[in-house]
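Chain and residue survey
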Amino acid sequence: MKNEANKRWDGRRRWLRYALIAPYLWLLLFFLAPFIIILKISFADPVVALPPFTPLIDWVESGLDRIKFTLDNYAFLFQDRYYAIIYLSSIKMAGIGTFFCLLLGYPMAYYIARQPQARRNFLLLGVILPFWISFLLRVYAWIGLLSSQGVINNTLLGIGIIDKPLTLIYNDFAVYLGIVYSYLPFMILPLYANLERLDLDLHDAAADLGAHRWQVFFDVTLPLSLPGIVAGCLLVFIPAMGEFIIPALLGGSDTLMIGRALWDEFFINRDWPVASAVSVVLLLILVVPMMWFQRTQAQQSGEEQ
Amino acid sequence: MSENEFSATPWLDPAAKPIVQISNLTKQYDDATAVDNIDLNIYAGELFAILGGSGSGKTTLLRMLAGFERPTAGRILIDGADMTSVAPYERPVNMMFQSYALFPHMNVKQNVAYGLRKDRVPATQIKERVQAMLDMVKLSALANRKPHRLSGGERQRVALARALVKRPKLLLLDEPLAALDKKLREHTQFELMNLQDELGITFIVVTHDQEEAMTLSTRIAVMNDGRFEQVGTPGEVYEYPANRFIADFVGTINLLEAKVIDSHSGRVRLQCDQAKTELVAEFPGQPASDRQHWVAVRPEKIFIDKEPPSADDRTVLKGVVLDLGYFGNLSLYRVQLAGGLVLQVSAQNRRRSAVRTLEWDDEVYISWDIASAILLSE
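Criteria and thresholds
- Residues numbered from 1 in each chain as written.
- Chains lettered and ligands numbered in written order.
- Predicted model: local features only at pLDDT ≥ 70, side-chain atom pairs only at ≥ 80, totals over all residues.
- Helix = DSSP H or I, 4+ residues; strand = E, 2+ residues; numbered from the N terminus.
- Contact = placed C-beta atoms within 7 Å.
- Rg over C-alpha atoms; globule rule 2.2 N^0.38 Å.
- Buried ≥ 20, exposed ≤ 12 C-beta atoms within 10 Å, placed from the backbone.
- Pairing = 2+ DSSP bridges.
- Axes fitted to C-alpha atoms, helices over the stretch in contact; angles between N-to-C directions.
- Core = buried A, V, L, I, M, F, W, Y, C linked by C-beta atoms within 7 Å.
- Nonpolar A, V, L, I, M, F, W, Y, C, P; charged D, E, K, R; others polar.
- Parallel < 35°, antiparallel > 145°, perpendicular 65-115°, else oblique.
- Left-handed = near helix turned anticlockwise from the far one by under 90°.
- Expected span 1.5 Å × (residues − 1).
- Bend = angle between axes of the 7 residues up to and from the residue.
- Right-handed = clockwise from strand over helix to strand, strands pointing away.

Regarding the overall build of chain B
A count of helices and strands for chain B gives eight helices and 20 strands. Its C-alpha atoms give chain B principal-axis dimensions of about 75 × 50 × 45 Å. Excluding contacts between residues fewer than 6 apart, the proportion of contacts in chain B whose partners are at least 24 apart in sequence is 63%.

The structure is reproduced here in structure tokens:
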């Protein structure tokens, strides 16, 4: 009887061990392997051939011929001011987009977290609902709204508020709009998860001790929701930083974002090694805040125990 | 502190001015009345307990005193000033929460200092007062700890210090001892009483634990369905319960259903069908003969023995020991009467003896002084 149970338990444990491998396998296949390929290409020279880069290692019949390894592509990124400008511009655009997401998302998350349970689920469904339609389609839809012949301009012209169409699209404004629209749920959800757990007694206690409404917010709610703010900001900032579709569809010719630069480098210049170097540097820029986030999270959970 | 001398029973003094005056207070929610037209005066220096089960409205009452809930009707005066619609942060009232509600991102010192900081007390004064408060609750050594690194008892003391440091006129305590284990609870109970005595601040304690209410308080209000069933000293509530609910809720009591036969000179004769006997109880005035009555006797008022007692003026019944429980200091018996009714009897174990004098299935006589029996109606 006991042996039976033990055997069953062992079986389950073995199964569990396999299940635990899955995420690592996933990361290996879809993150690490592609990254190594990109890293490899970034150390190569471009050639007009197929594939359009030199191999890192030359093999001849007798064995290893030579290892060709160049840092020229990285040197090029640092020499050409264009890349510095484009990285900084991306950081700026993703940063401002994230800021507005936070500004909009925080009150929304707070409001939802304070509703009765049934209403909360309904509102959360509303936040996630846009995901049911393809991201690409939703960004396309904004063209129909924003263009000079679009819904907004036509309506305003029709009512007579304006007498010539506003330039709402193909500029930085449209890109910010796109980022905020697309990534708002990524801000709201972690913030909601944090604010929903907040002990309301703490609000009462602060008020009882003499804090006015805004003081309660700044003394208690805000500091305690910091982990949610950090999580939300990273979840918006990181994908917004490398965003390609939004600047490509809504941005102007002067909208500088790294995603577009990557695309141009890969498919217009066909300089795969430089393009790879651009993406490796992008990854490094993003990994730093990620690691910081991981550390603060670990500290937080350590404190709660 | 001799300046905080209060009369021991200010509620009996018609000239005494109450510090808290609650009149016609009602709180109505969409579908329920949580507090139903309550009147209450509480006097300076009292340790007043509001005792009730869950859903009795006691917490709503406390939250109205703190200012977290607006009354639907009625008024609350604190030290003569109308507080009915004053915001919590402007009331001379502080509260200790059942969850303690310590700010997890602040250390002990910061938690205690918070209320003073909000009042813009000068920094040097804050430092002094926080230090004095921490000394008082013996937490100085832990001043820089965050709440998650404190034990339950320590958290309770931080919460108390944080609420007391502002020297409120009124301290509200929501189930102050519920989260502590038994030993610590007993100890803290007396600490709380001493602290209250020392500071002279009026305490209102909300609790569901009748033992806590009895030991702590000067007076108890027993609350049920949004109303006070009885307001009185612990002794009054225990020995002279106003009705069946109180008798049942506070302490343990034996209830014998009975019908009034007649009454003269403060004594009522009743017929108890459950025990197949006549009972006598003291009752001032004339009990309604058409209503259902109960003769109520506390277990410790009942005397149990194998021999019939000889004293006069006692109600004597015969029964069989159904169950007995030995608690060291006392023994509990469940005695079945001839009619099938089971009464609880508790007896002090006064003599040291490892041998039981009464055993299961022993035939016994139980008896009580007629003056110990209470006559209750619905």
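Having seen the model, we can carry on.
Concerning the overall build of chain A
If you tally the helices and strands in chain A, you get 13 helices and two strands. The C-alpha atoms of chain A give a radius of gyration of 25 Å, which is well past the 19 Å a tight globule of 305 residues would have. Taken across its 305 residues, chain A has 27% of its residues classed as buried. When contacts within chain A are restricted to residue pairs at least 6 apart in sequence, long-range pairs at least 24 apart make up 68% of them.

Some details on the sheet that holds strand β15 (residues 303-305) of chain B
Residue and element names in this part refer to chain B. Strands sit in the order β15-β19-β16-β17-β18 across an open sheet of five strands; the sheet is antiparallel. At either end of the open sheet lies a strand with only one pairing partner, and these are β15 and β18 (342-348). This sheet shows a mean twist of 45 degrees between the axes of neighbouring strands, independent of strand direction. The pairing of strand β17 (residues 330-337) with β18 spans seven bridges and is classified as antiparallel. Its bridge partner lying in β18, leucine 332 is registered against serine 346.

Digging into the nonpolar core
Formed by 107 residues in total, the largest nonpolar core has its most connected members in B:Ala161, B:Leu172, B:Ile204, B:Val222 and B:Val295. Of all the elements, helix α4 (residues 152-164) of chain B adds the most residues to this core, at six residues. When near neighbours in sequence (up to four residues on either side) are disregarded, B:Ile204 contacts B:Ile42, B:Phe48, B:Ile50, B:Leu62, B:Leu65, B:Leu170 and B:Leu172. Judged by nonpolar contacts, the second largest core, of 47 residues, contains A:Ala174, A:Val180, A:Leu195 and A:Met241.

Some points on the interface of chain B and chain A
Every contact between the two is made by 17 residues of chain B and, on the other side, 17 residues of chain A. Within the residue set of the side of chain B that touches chain A, elements represented by two or more residues are β6 (93-96) and α2 (108-118) of chain B. Top contributing element to the side of chain B that touches chain A by residue count: α2(B), with three residues. Its residues placed into classes, the side of chain B that touches chain A shows ten nonpolar, five polar and two charged.

Some details on the packing of α2(B) against α4(B)
Residues and elements named next belong to chain B. Interhelical geometry of α2 versus α4 gives an angle of 25 degrees and a closest axis separation of 7 Å. As judged from the angle between their axes, α2 and α4 are roughly parallel. As α2 runs across α4, the sense of the crossing is right-handed. Residues Val108, Asn111, Val112, Tyr114 and Gly115 of α2 touch α4, and the partners they reach there are Val158, Ala161 and Arg162.

Notes on the sheet that holds strand β9 (residues 219-224) of chain B
Residues and elements named next belong to chain B. Here we have six strands laid out as an open sheet, ordered β6-β7-β8-β3-β9-β10, and mixed in their pairing. Each of the sheet's edge strands pairs with one partner strand only, and the pair in question is β6 and β10 (227-232). In this sheet, adjacent strand axes meet at a mean angle of 20 degrees when their direction is disregarded. Note that β9 and β10 share five bridges and pair antiparallel. Its bridge partner being in β10, alanine 221 is matched across the sheet by valine 231. Against the sheet, α4 engages β6 and β7 (170-174), with an angle of about 175 degrees to β6.

Quick word on helix α7 (residues 172-197) of chain A
Given a rise of 1.5 Å per residue, 26 residues ought to cover 38 Å, and the 37 Å separating the end C-alpha atoms of α7(A) matches this to within 8%. Where α7(A) bends most, at A:Tyr183, the angle is about 50 degrees, and the proline A:Pro185 comes one to four residues later.

Examining the pairing of strand β12 (residues 267-272) of chain B
Residue and element names in this part refer to chain B. Where burial is concerned, the two faces of β12 differ: the one with Val268, Leu270 and Cys272 is buried and the one with Arg267, Arg269 and Gln271 is not. As paired strands, strand β11 (residues 254-264) and β12 are joined by five bridges and run antiparallel to one another. Residue pairing in the sheet places histidine 264 in a bridge with arginine 267 of β12. With antiparallel pairing between neighbouring strands as the criterion, β11 and β12 make up a hairpin whose turn holds two residues, including serine 265 at a positive phi of roughly 45 degrees. The hairpin formed by β12 and strand β13 (residues 277-282) contains four residues between the paired strands, and lysine 276 there has a positive phi angle of roughly 50 degrees.

Digging into α2(B)
Residues and elements named next belong to chain B. Of all eleven residues making up α2, eight are buried, and the element is well covered by its neighbours. Where α2 is concerned, the buried positions are Val108, Lys109, Asn111, Val112, Ala113, Tyr114, Gly115 and Leu116. On its buried face, α2 is in contact with α3 (123-136) and α4. Positive phi shows up at arginine 120, right after α2, with a value of about 55 degrees.

Considering the environment of A:Leu16
Residue and element names in this part refer to chain A. Along the chain, leucine 16 turns up in helix α1 (residues 2-42). We classify leucine 16 as exposed; it has 9 C-beta atoms within 10 Å. In the structure, leucine 16 is positioned 207 residues away from proline 223 in sequence and 38 Å away in space, judged by C-alpha atoms.

Considering the packing of helix α5 (residues 135-146) of chain A against α7(A)
Two measures define how a pair of helices packs: the angle their axes make with one another and the distance between the axes. All names here are of chain A. Contact geometry of α5 with α7 gives a least axis separation of 11 Å together with a crossing angle of 140 degrees. The angle between α5 and α7 places the two elements in the oblique class. You can see that α5 and α7 cross each other, and the crossing is right-handed. Contacts between α5 and α7 involve Phe135, Val139, Trp142 and Leu146 from the first element and Ala174, Gly178 and Ser182 from the second.

What to know about unusual backbone geometry
Residue and element names in this part refer to chain B. In this structure, aspartate 79 is a non-glycine residue whose phi angle is positive, near 50 degrees. Locating aspartate 79 in the fold gives a position in the loop between β4 (73-78) and β5 (81-82). Look at aspartate 79 and you get partly exposed, because 15 C-beta atoms sit within 10 Å. Even without being glycine, tyrosine 100 reaches a positive phi, approximately 70 degrees. Here tyrosine 100 shows up in the loop between β6 and α2.

As for the pairing of β7(B)
Residues and elements named next belong to chain B. Within β7, five of the five residues are buried, which leaves the element mostly enclosed by the surrounding structure. Burial of the side chains of β7 extends over both faces: Leu170, Leu172 and Asp174 are buried on one face and Leu171 and Leu173 on the other. Across five bridges, β7 lies against strand β8 (residues 202-207) in parallel orientation. Note that in β8 the partner of leucine 171 across the bridge is phenylalanine 203. Each parallel crossover has a hand, and for β7 linked through helix α5 (residues 182-199) to β8 it is right-handed.

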